[in-house]
Amino acid sequence: MSNIELVRIDENNFMQAFNLKLAKEQEQFVSNPIRSLAQAYVYYNQCIPFGIFNDDTIVGYVMVIYDYDLTEYNIWHMMIDIAYQHQGFGELALRKCLDYIASKPFGQSNKVALTCNKDNSIALHLYYKFGFRETGNEDENEIELALSAEHPDVRPETAEFLTLL
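Per chain, residues are indexed from 1 in the order of the written sequence. Per-residue local features are limited, in this predicted model, to residues with pLDDT of at least 70; the limit for side-chain atom pairs, both in listing and counting, is 80 or more; totals at the level of whole chains, interfaces and linings are taken over all residues. With hydrogens and water stripped out, all remaining heavy atoms of the structure feed into the side-chain values.

A. Just the sheet that holds strand β3 (residues 57–67), in detail. A strand pair is defined by DSSP finding two or more bridges across the two strands. Counting from the N terminus, the helices are DSSP H or I runs at least four residues long and the strands are E runs at least two residues long. The strand order across the open sheet built from seven strands is β1-β2-β3-β4-β5-β7-β6, with neighbouring strands paired in mixed fashion. Single-partner strands in this sheet number two, and they are β1 (4–8) and β6 (133–139). Direction aside, neighbouring strands of the sheet carry axes that sit 30 degrees apart on average. By definition in these notes, contact holds between two residues if any of their heavy atoms fall within 4.5 Å. Axes here refer to lines fitted to C-alpha atoms; in helices the fit is confined to the stretch in contact. Angles between the N-to-C directions go from 0 to 180 degrees. Along the sheet, helix α3 (residues 89–102) contacts β1, β2 (47–54), β3, β4 (72–80), β5 (111–117) and β7 (142–148); its crossing angle with β4, the most-contacted strand, is approximately 155 degrees.

Listed below in structure tokens is the structure:
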């Protein structure tokens, strides 16, 4: 049984995040945690970087950011280390991200957005499974997906989550 928790990246665990690796062919899909942590530092008033931990082992990384201008949450740079992929950690981590967002740590919102490389079929499958849908916005190889109450075909637990936003 997996015990997945999101743990804020700080001076005690940032080196663990730096050591996360993707398969060579996946590196085009997600920024390295070193770059992501630099972004988190710049956006410190609206962004929390998390290590995805299974018990005491870091298995991935994700950032939750709040856009004050759009009053929406964004999930950035989610990745699972190559050694821990295909074990369900991505799904568990996404659920934890949505639980965190439902607590409204930065403010009100009725939308959660993220971007994903068009060729990242595994990540797209996960996001669609949770009810994220394409918004029509794209930039180069990245497409934006959003989770909002406007989509009637979301999973029951996701629909319940949307009532918390």
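B. Broad picture of the pattern of salt bridges. Just to be clear on terms, a salt bridge is a Lys or Arg side-chain nitrogen sitting within 4 Å of an Asp or Glu carboxyl oxygen. Within this structure, the stated rule accounts for five salt bridges. Across the pair E5 and K96 runs a salt bridge, and its minimum N-O distance is 3.4 Å. With E5 in strand β1 and K96 in helix α3, this pair connects stretches of sequence that are 91 residues apart. In this structure E5 comes out as partly exposed when scored by relative accessible area, which is 36%. The partner of K129 in a salt bridge is E91, with the nearest N and O atoms 2.9 Å apart. Remark: E91 occurs in helix α3 and K129 occurs in helix α4 (residues 121–129); sequence separation between them is 38 residues. Judged by relative accessible area, which is 37%, K129 ranks as partly exposed. Classification of residues uses two cut-offs on accessible area relative to the type maximum, computed with a 1.4 Å probe and protein chains only: under 20% is buried, over 50% is exposed, and between them is partly exposed.

C. Region of interest: the packing of aromatic side chains. Stacked, edge-to-face and tilted labels apply to pairs of Phe, Tyr and Trp rings (six-membered ring for Trp) whose centres lie within 6.5 Å, assigned for plane angles under 30 degrees, over 60, and everything in between, in that order. A complete count under the given rule lists nine aromatic pairs for this structure. Judged by centre distance (5.0 Å) and plane angle (75 degrees), the rings of F50 and Y100 are edge-to-face. Of the two residues, F50 is situated in strand β2 and Y100 in helix α3; the sequence distance between them amounts to 50 residues. For the ring pair Y73 and F106, a centre distance of 6.5 Å and an interplane angle of 45 degrees mean the geometry is tilted. Here Y73 is found in strand β4, whereas its partner F106 is found in the loop between α3 and β5, with 33 residues between them in sequence. Assigned by exposure class, Y73 and F106 land together as buried.

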